[in-house]
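# Residue-level structural notes
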Amino acid sequence: MFGKIKQLFLLVLLAVTVISYLDVFNSYDESIYVSSSLSNYILILTVICFLLNFSINCLSNKYIKMASIFLFVIALNTAITMAFFNTSTYVGDLKNIAIPFVAVCIGYNMDINRKFLMFIYYMYGILLLAVSASLISNNIGGLVIVDTYQIASKNALGVMISSYVAIVLPILLVDNIKRPIKYFFIALCAMFFIVLLTIRARASTMTFFFTIAIFIVEVLRHGGETHSRAARKIVVIGVLLLIAIPILSTVFEPLGTYIHNSLFQNVEDDVTTGRMDRNVVAINFISDHLFLGRLTTPTSYEWIHNYVLRVLAEYGIFFSAILIILYFYLVIKVLVRILRKNPLSANCIGYWALLPPIMLSLIEPLFPYGPGTSVLLAYILLGYSLKQEATGCFEW
């Protein structure tokens, strides 16, 4: 009975996380997404889920134990910067890391079986598609590409979608999942691709493609004969389509134009929309103020779209070192697990879920940690995968 209660609270948490992006719950400042009115409820639900599943057993895992040490040092840095530099900026980074850490602990401590996990797949995917459809209908009006970005929360929504697609991929290889179920998830992923194009979440669209490409490569490298043969067919079909599109332009031109407009319309002069210029400014600032960054030299510049560059510029090498070490610790753990150790197991989904946020951290300021609501499921599944790894269970 208690186990069902814990599952119910987790489902409510994930559901509220998704619907929090509906326009009715969001506040904006000059069309810029500020926050959701459900943020406090999400925080409360996260704490409840953590307490319901509380156990110090998760600290027996060396990765969670190491992360807890990192978190303690980050909290200490927060106190130091507030006391000696009169700034609360570090609080935001502490919060963005603390929420994923709590999510990992929830995923590790909770008893998540296959039936419950599949229910999460269904519920989360359907809700995410419904919220996406609502945002497109209210802000864009239909499946059209507009010159300016109409959905302020598109980046957060984009990473939720690309992470969801990433966790769907491994279960397509599970033999004892019926084909209609697999076809359902494939159709869901196809619709999410259209959503990404329509909301013009260009970075997430690229991670969508890169994640699928990496997965196909891993299937070719590690999959059995049946799976490798299927992956080879997908590659051949993809190459043939690329060759056939120019020849059959009357059939494929509408979709090709839609994809092109989503990626390049109104940004032909600078496809990075100023990101590279801002990063160059950050590099120059870091070279001049390497040790303490903006802590001692308050400077106004636009939001830096790279996680490592942002924290270096903000705090200097002294106070950003722990953030950067934790970042690379996470990146190396995920990449090594995906590229070297049995990556096709369905119990590896937590690592696949974090692949899109990690890729996005190269061109976004807060990923792979925040905003917390957009990566909550990914870190819960990371905790799940860490537990499966610790117990030696790799198959469903």
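Figured I'd write up the structure that's included with this text. (Residues numbered from 1 in each chain as written. Predicted model: local features only at pLDDT ≥ 70, side-chain atom pairs only at ≥ 80, totals over all residues. Heavy atoms only, no water.)

Bringing the packing of aromatic side chains into the picture now. By the definition in use, this model includes 20 aromatic pairs. An aromatic cluster of three or more residues is present, and its members are Y121, Y122, Y124, Y164, F184, F185 and F192. (Phe/Tyr/Trp six-rings, centres within 6.5 Å; stacked < 30°, edge-to-face > 60°.)

This part is about unusual backbone geometry. That bond from F367 to P368 is cis: its omega, 15°, falls within 30 degrees of zero. Note that P368 resides in the loop between α13 (349-360) and α14 (372-391). Of note, N86 is a non-glycine position whose phi angle comes to about 55°, a positive value. Residue placement: N86 occurs in the loop between α3 (62-84) and α4 (89-109). One non-glycine residue, R200, lies in positive phi territory at about 60°. Mapped onto the elements of the fold, R200 is located in the loop between α7 (179-199) and α8 (202-222). Judged by its relative accessible area of 1%, R200 falls in the buried class. (Helix = DSSP H or I, 4+ residues; strand = E, 2+ residues; numbered from the N terminus. Buried < 20%, exposed > 50% of the residue type's maximum accessible area, 1.4 Å probe, protein only.)

On to the nonpolar core, then. Counting residues in each nonpolar core, the largest one holds 120 residues, and the members touching the most others are L10, Y121, L128, Y164, L323 and Y379. Contacts of Y121, omitting those with residues within four sequence positions, involve Y164, I167, V168, I171, F185 and I349. (Core = buried A, V, L, I, M, F, W, Y, C linked by side-chain atoms within 4.5 Å. Contact = heavy atoms within 4.5 Å.)

Our focus in this paragraph is the packing of helix α6 (residues 154-171) against α7. It is at 10 Å that the axes of α6 and α7 come closest, and there the two elements cross at 155°. When the interaxial angle is binned, α6 and α7 end up roughly antiparallel. Judged by the twist between their axes, the crossing of α6 over α7 is left-handed. Here K154, L157, G158, I161, Y164, V165, V168 and I171 of α6 come into contact with α7, specifically with K182, F185, L188, C189, F192, V195, L196 and I199. (Axes fitted to C-alpha atoms, helices over the stretch in contact; angles between N-to-C directions. Parallel < 35°, antiparallel > 145°, perpendicular 65-115°, else oblique. Left-handed = near helix turned anticlockwise from the far one by under 90°.)

Attention now moves to α13. Given 3.6 residues per turn, any residue in an α-helix points the same way as the ones three and four places further on. Within α13, 12 of the 12 residues are buried, leaving the element largely enclosed by the surrounding structure. Burial in α13 covers these residues: I349, G350, Y351, W352, A353, L354, L355, P356, P357, I358, M359 and L360.

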